Amino acid sequence: MKITGLVCTPLLVPNRVPYYWAHGIIMGATVVLVEVQTDEGISGYGECMGTPSAAAICNYLELAEKMIVGRDPFENARLLREVYHRFFQAHGNCSAPRYAGMLLAGLEMALWDVMGKSTGKAVHELLGGALHDEIGYFGFVQGETPEELSAHARILCEQGCEVIYAKVGRGDELDYQIVKSLRETIGNRRLRIDPNEHWDPQTAVRMISKLSQFDIDFVEQPSHCESISALAQIHAVSPVAISADQAVFTPFDTYDVCREKAADIIVLGLHETGGIARFRQCAGIAEAAGLNICLHGLHETGITTCAINQAAATIPNIDDGNQYMNHLLSWDIIDSPDLELRNGKLPVISGPGLGFSLNMEAVEKAKQGFLESGQS
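Cut-off values and rules
- Residues numbered from 1 in each chain as written.
- Predicted model: local features only at pLDDT ≥ 70, side-chain atom pairs only at ≥ 80, totals over all residues.
- Heavy atoms only, no water.
- Core = buried A, V, L, I, M, F, W, Y, C linked by side-chain atoms within 4.5 Å.
- Buried < 20%, exposed > 50% of the residue type's maximum accessible area, 1.4 Å probe, protein only.
- Helix = DSSP H or I, 4+ residues; strand = E, 2+ residues; numbered from the N terminus.
- Contact = heavy atoms within 4.5 Å.
- Pairing = 2+ DSSP bridges.
- Axes fitted to C-alpha atoms, helices over the stretch in contact; angles between N-to-C directions.
- Parallel < 35°, antiparallel > 145°, perpendicular 65-115°, else oblique.
- Left-handed = near helix turned anticlockwise from the far one by under 90°.
- Nonpolar A, V, L, I, M, F, W, Y, C, P; charged D, E, K, R; others polar.
- Polar contact = N/O pair within 3.5 Å; in protein donor to acceptor, adjacent residues only side chain to side chain.
- Disulfide = S-S within 2.5 Å.
- 1 Å grid on protein atoms, 1.4 Å probe; cavity = no way out; pocket = protein on both sides within 12 Å on 5 of 7 lines; lining within 4 Å.
- Points joined across faces, edges and corners; volume = space filled by probe spheres on them.
- Right-handed = clockwise from strand over helix to strand, strands pointing away.

Regarding the nonpolar core
Generally speaking, soluble globular proteins have nonpolar side chains that are buried together.
Argument step 1. Core analysis: the biggest nonpolar cluster contains 89 residues, and Ile-164, Trp-199, Ile-266, Phe-279, Ile-333 and Leu-358 have the highest contact counts within it.
Argument step 2. Sorting elements by how many residues they give to this core places helix H12 (residues 302-312) first, with 6 residues.
Argument step 3. In this structure Trp-199 touches Val-168, Gly-169, Asp-175, Ile-193, Ala-204, Met-207, Ile-208, Leu-211, Val-219, Pro-222, Ser-223 and His-224, once residues within four positions along its chain are discounted.
Argument step 4. In this structure, Ile-3, Ile-57, Val-83 and Leu-104 belong to the second largest nonpolar core, which totals 30 residues.

Here is the structure:
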């Protein structure tokens with residue numbers, strides 16, 4: 001089997017409701033659909049984040065196409081290493097491991113999808129088999145005000161979610177009211193909060209101390225992602241568990257967070273690490289340090305949900321309250337599987353490949369949505 005082409009298609013799928021967080025409001029998911037074509041008529045699909053520029057992502061992947069056409073998709077690891085070296089390592093001044101991960105994740109997913117489809121196996125089977133039958137996810141509350149967030153939290157609790165997750169970092173008083181209202185609503189269920197790097201160490205220490213009375217399960221990435229030292233300072237004095245998120249993209253980041261004892265858990269996804277293989281490498285480093293991995297979600301479609309679900313099935317140190325984001329969308333670009341949570345859980349996705357079926361009409365609709373949005 002040989003790769004014959006690579007097709008990139010920018011897409012925009014709107015959210016059901018506006019997404020409020022510490023950095024503003026997001027109205028939908030901009031992604032780049034990546035298709036790897038082969039001479040046996042098998043196509044594999046993945047997706048990249050389309051931010052900050054879907055056009056830039058597509059330009060890089062068009063350059064990558066010249067390197068991978070004529071190659072065997074089962075050379076997945078070597079192909080990704082060569083593309084990474086060519087674009088982000090060989091020239092010295094182009095080093096950008098974090099951007100590289102976001103760029104290469106979609107290509108790597110598509111190659112795994114081809115490999116699975118060609119063998120009739122789910123990707124988790126190619127990775128040695130699933131260690132879990134299902135993956136647990138948290139209920140991610142949506143809304144602008146404490147009242148709206150609490151109303152949604154009540155619904156999520158009724159649906160069986162045992163872990164509730166909320167965005168904060170929107171101002172001290174508003175954060176306090178959000179957390180207080182959520183605790184009153186969800187009872188003794190576990191509550192996690194995420195300021196999205198919006199607190200400096202002093203603010204983090206003050207706010208965590210103030211909010212700890214509400215029995216917080218963990219605080220996710222309170223400080224700026226580029227300083228593991230700042231995260232370690234907060235962790236050293238925090239009465240609440242701390243998770244690292246945007247501080248960790250690479251295996252080297254994972255090692256540094258573990259070495260510096262900067263967090264109690266690491267939140268990590270495929271788009272940060274650059275795909276399934278590096279995600280599992282990071283998980284192995286965290287496991288050796290005694291830390292669990294909590295799946296990260298971005299503004300993505302069911303493609304990523306299926307891909308990371310399969311990867312998570314193969315690691316022993318997966319958390320029981322993980323994040324997924326495609327449920328925030330008005331509609332998805334996949335027909336199957338059904339990704340609605342049942343009591344806060346999804347079964348491990350079965351194959352072949354990444355285990356999803358594209359809805360081509362929805363893809364075309366999302367393509368038109370991107371064109372009409374005026375993004376580049």
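Regarding the sheet that holds strand S2 (residues 24-38)
Argument step 1. On the basis of which strands lie adjacent, the open sheet formed by 3 strands has the order S1-S2-S3 and antiparallel pairing. Two strands lie at the open edges of the sheet, namely strand S1 (3-21) and strand S3 (43-49), each paired on one side alone. When the angles between neighbouring strand axes are averaged without regard to direction, this sheet yields 25°.
Argument step 2. Examined bridge by bridge, S2 and S3 share 7 bridges and lie antiparallel to one another. Residue Val-32 lies in a different strand from S3, and its bridge partner there is Cys-48.
Argument step 3. Taken strand by strand, helix H1 (residues 54-68) contacts S1, S2 and S3, and its axis lies near 155° from that of S1.
Argument step 4. Along the sheet, helix H13 (residues 360-373) makes contact with S1 and S2, crossing S1 at roughly 70°.

Details of the packing of helix H7 (residues 201-211) against helix H8 (residues 228-237)
Argument step 1. Running from N to C, H7 and H8 cross one another at 25°; their axes reach a closest spacing of 10 Å. Here H7 is positioned roughly parallel relative to H8, judged by the angle of their axes. Note that H7 runs across H8; the crossing there is right-handed. Where H7 abuts H8, its residues Pro-201, Ala-204, Val-205 and Ile-208 lie against Ala-230, Gln-233, Ile-234 and Val-237.
Argument step 2. Residue classes in the contact of H7 with H8 are distributed as 7 nonpolar, 1 polar and no charged.

Concerning the environment of Asn-317
Argument step 1. Mapped onto the fold, Asn-317 is located in the loop between H12 and strand S12 (334-336).
Argument step 2. Asn-317 sits in the buried class, given a relative accessible area of 5%.
Argument step 3. Residues Asn-317 and Pro-222, spaced 95 residues apart in sequence, show a C-alpha to C-alpha distance of 23 Å.
Argument step 4. Setting aside chain neighbours within four positions, we find Asn-317 in contact with Ala-283, Ala-286, Glu-287, Leu-291, Asn-292 and Ile-293.
Argument step 5. Among the polar contacts listed, one links the side chain of Asn-317 to the backbone oxygen of Ala-283, at a separation of 3.1 Å.

Description of the state of the cysteines
Argument step 1. The full count for this structure, using the stated rule, is 0 disulfides.
Argument step 2. There is no disulfide at Cys-157, and the cysteine sulfur nearest it, in Cys-161, is 7.5 Å away.

Observations concerning empty space enclosed by the protein
Argument step 1. Counted under the stated rule, the structure contains 1 cavity of 30 Å³ or more.
Argument step 2. Of the pockets and cavities examined, the largest cavity occupies roughly 60 Å³.
Argument step 3. Looking at side-chain class alone, the lining of the largest cavity contains 5 nonpolar, 2 polar and 2 charged residues.

A word on the pairing of strand S6 (residues 163-167)
Argument step 1. Most of S6 sits inside the fold, with 5 of its 5 residues counted as buried.
Argument step 2. The alternating pattern of S6 places Val-163, Tyr-165 and Lys-167 and Ile-164 and Ala-166 on opposite faces, both of which are buried.
Argument step 3. On the question of chirality, the crossover connecting strand S5 (residues 139-140) to the parallel S6 by way of helix H5 (residues 146-158) is right-handed.
Argument step 4. Bridge count between S6 and strand S7 (residues 190-194): 5 bridges; the pairing is parallel. Each bridged residue has a counterpart across the sheet, and for Lys-167 the counterpart in S7 is Asp-194.

Here's the deal with the sheet that holds S7
Argument step 1. Strand order in the open sheet formed by 7 strands is S5-S6-S7-S8-S9-S10-S11, and the pairing between neighbours is parallel. Two strands in the sheet have a free side with no partner beyond their single neighbour: S5 and strand S11 (292-295).
Argument step 2. Across 2 bridges, strand S9 (residues 242-244) lies against strand S10 (residues 265-268) in parallel orientation. Looking at S10, one finds that Ala-244 is bridged to Ile-266.
Argument step 3. Here helix H6 (residues 172-186) sits on the sheet and contacts S6, S7 and strand S8 (216-220); the angle it forms with S7, its principal contact strand, is near 160°.
Argument step 4. Strands S10 and S11 of the sheet are contacted by helix H11 (residues 276-288), whose axis makes an angle of about 145° with S11.

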